[in-house]
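# Working through the structure, step by step
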Amino acid sequence: MHIMEGMLTWDWCLLWYLISLPVVAYGVIQIKKITDKNPESKPLLAVSGAFVFVLSSLKLPSVTGSCSHPTGTGLGAVFFGPAVTSVLGAIVLLFQALLLAHGGLSTLGANIFSMGIVGPVVAWLIYKGVKNAGGSPLLGIFLAASLADIMTYVTTATQLSLAFPVPTFGAAFVNFMGIFALTQIPLAIAEGLLTVVIFDYIMKLRPDILETLKVIGPKLKEKAKAAV
């Protein structure tokens, strides 16, 4: 994610905008539905957005025209779903492009797709899979956050390889992923551990909200209350 301004030609920029904007629009509708039904979830939504902003602002140089950093999208995806998280990601990416010279306006659609859509979808599916299998929610959130981070970079490498298939798409993809992996795998593990700490704190503090959002079940809610 955070492909810099001017790195993609107009046709790729337009394509990623056309793919990303409908998802973001649906996410706005979902936010209204969730907050109307559960007004007490608004602070949690704000925390999820702040988490994305802070973590994704911690950038390290990586592939030319891009960078490596945590994403923070796994937490919001588990709490509110990928569509809502796409809106959080879009807002964060827009502010970073305008105020931090991090990313760009022409590449905003591409960055939303990788960080705000693909990553959250992966996080949501992983957490739901672990939950349905009867696994620990802490294991679920760790895998969700870590794999969302990694898959975001797989998507970014794919986008760059499609735009610059030199000498071929496959060769470019291997090169991009090889460079990303040096920084991104350790970052993904660190992000997973940090997200576990934040998730565990919220689960113990307000298990009622997480139960309402169907993040945890009634039994786990009572267990979390007893642990406080």
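Above this text sits the structure in question.
Residues numbered from 1 in each chain as written. Predicted model: local features only at pLDDT ≥ 70, side-chain atom pairs only at ≥ 80, totals over all residues. Heavy atoms only, no water.

What follows concerns the overall build of the chain. The number of helices and strands found in the chain is 9 helices and 2 strands. Traced from its N-terminal end to its C-terminal end, the chain shows the element sequence α-α-β-β-α-α-α-α-α-α-α. Relative to its length of 228 residues, the chain is compact, with a C-alpha radius of gyration of 17 Å against a globular reference of 17 Å. Each of the three principal axes of the chain carries a C-alpha extent, and together these read 60 × 35 × 30 Å. In the chain, which comprises 228 residues, the proportion classed as buried is 50%. When the accessible surface of the chain is split by element, carbon and sulfur atoms take 75% of a total near 10,400 Å². Distance between charge centroids for the chain: 9 Å, based on 14 positive and 10 negative side chains. (Helix = DSSP H or I, 4+ residues; strand = E, 2+ residues; numbered from the N terminus. Rg over C-alpha atoms; globule rule 2.2 N^0.38 Å. Buried < 20%, exposed > 50% of the residue type's maximum accessible area, 1.4 Å probe, protein only. Areas by Shrake-Rupley, 256 points an atom, 1.4 Å probe, with all protein chains shown as cover. Lys, Arg positive; Asp, Glu negative; His and termini not counted. Charge placed at Lys NZ, Arg CZ, Asp CG, Glu CD.)

Our next topic: unusual backbone geometry. Trans peptide bonds make up most of the peptide bonds, and negative phi angles are found at most residues other than glycine. Residue Pro167 follows Val166 across a cis peptide bond; omega there is -5°. Note on placement: Pro167 falls in the loop between α6 (137-163) and α7 (169-205). Even without being glycine, Ala101 reaches a positive phi, approximately 55°. Within the secondary structure, Ala101 sits in the loop between α4 (82-99) and α5 (108-132).

Here we come to the packing of helix α3 (residues 73-80) against α4. At their nearest, the axes of α3 and α4 sit 7 Å apart, and the two run at 140° to each other. Classified by the angle between their axes, α3 and α4 sit oblique to one another. As for the relative orientation of α3 and α4, their crossing is right-handed in sense. Only Pro82, Val84 and Thr85 of α4 make contact with α3, whose side of the interface consists of Thr73, Gly76, Ala77 and Phe80. Partitioned by chemical class, the residues of the contact of α3 with α4 number 4 nonpolar, 3 polar and no charged. (Axes fitted to C-alpha atoms, helices over the stretch in contact; angles between N-to-C directions. Parallel < 35°, antiparallel > 145°, perpendicular 65-115°, else oblique. Left-handed = near helix turned anticlockwise from the far one by under 90°. Contact = heavy atoms within 4.5 Å. Nonpolar A, V, L, I, M, F, W, Y, C, P; charged D, E, K, R; others polar.)

Right, let's talk about α5 for a bit. Under the 1.5 Å per step criterion, the end-to-end length of α5 is 34 Å for 25 residues, consistent within 8% with the ideal 36 Å. Remark: Gly134 follows α5 within two positions and exhibits a positive phi of approximately 85°. (Expected span 1.5 Å × (residues − 1).)

Moving on to a nonpolar patch on the surface. Together, Phe53, Val54, Ile91, Leu94, Phe95, Leu98, Leu99, Leu100 and Leu105 make up an exposed nonpolar region whose accessible area comes to about 830 Å². Mapped by element, the contributors of at least two residues to the nonpolar patch are α2 (42-56) and α4. Ranked by residue count, the leading element in the nonpolar patch is α4, at 5 residues. Note on placement: Leu105 falls in the loop between α4 and α5. (Patch = residues over 30% accessible without salt bridge, like charges linked within 9 Å, V, L, I, M, F, W, Y side chains within 5 Å. Salt bridge = Lys/Arg side-chain N within 4 Å of Asp/Glu carboxyl O.)

Here we take up the environment of Pro70. With respect to the helices and strands, the residue Pro70 is situated in the loop between β2 (67-68) and α3. Counting along the chain gives 87 residues from Pro70 to Ala157, while the straight-line C-alpha distance between them is 16 Å. Non-local contacts of Pro70, meaning those with residues more than four positions away in its chain, are made with Leu55, Ser56, Leu58, Asp149, Leu187 and Glu191.

Another point: the packing of aromatic side chains. Here the structure, examined in full by the defined rule, presents 6 aromatic pairs. With 5.8 Å between their ring centres and 20° between their planes, Phe79 and Phe199 make a pair best called stacked. Highlighted residues: Phe79 in helix α3 and Phe199 in helix α7, separated in sequence by 120 residues. Here the two residues Phe79 and Phe199 agree in accessibility, since each one is buried. (Phe/Tyr/Trp six-rings, centres within 6.5 Å; stacked < 30°, edge-to-face > 60°.)

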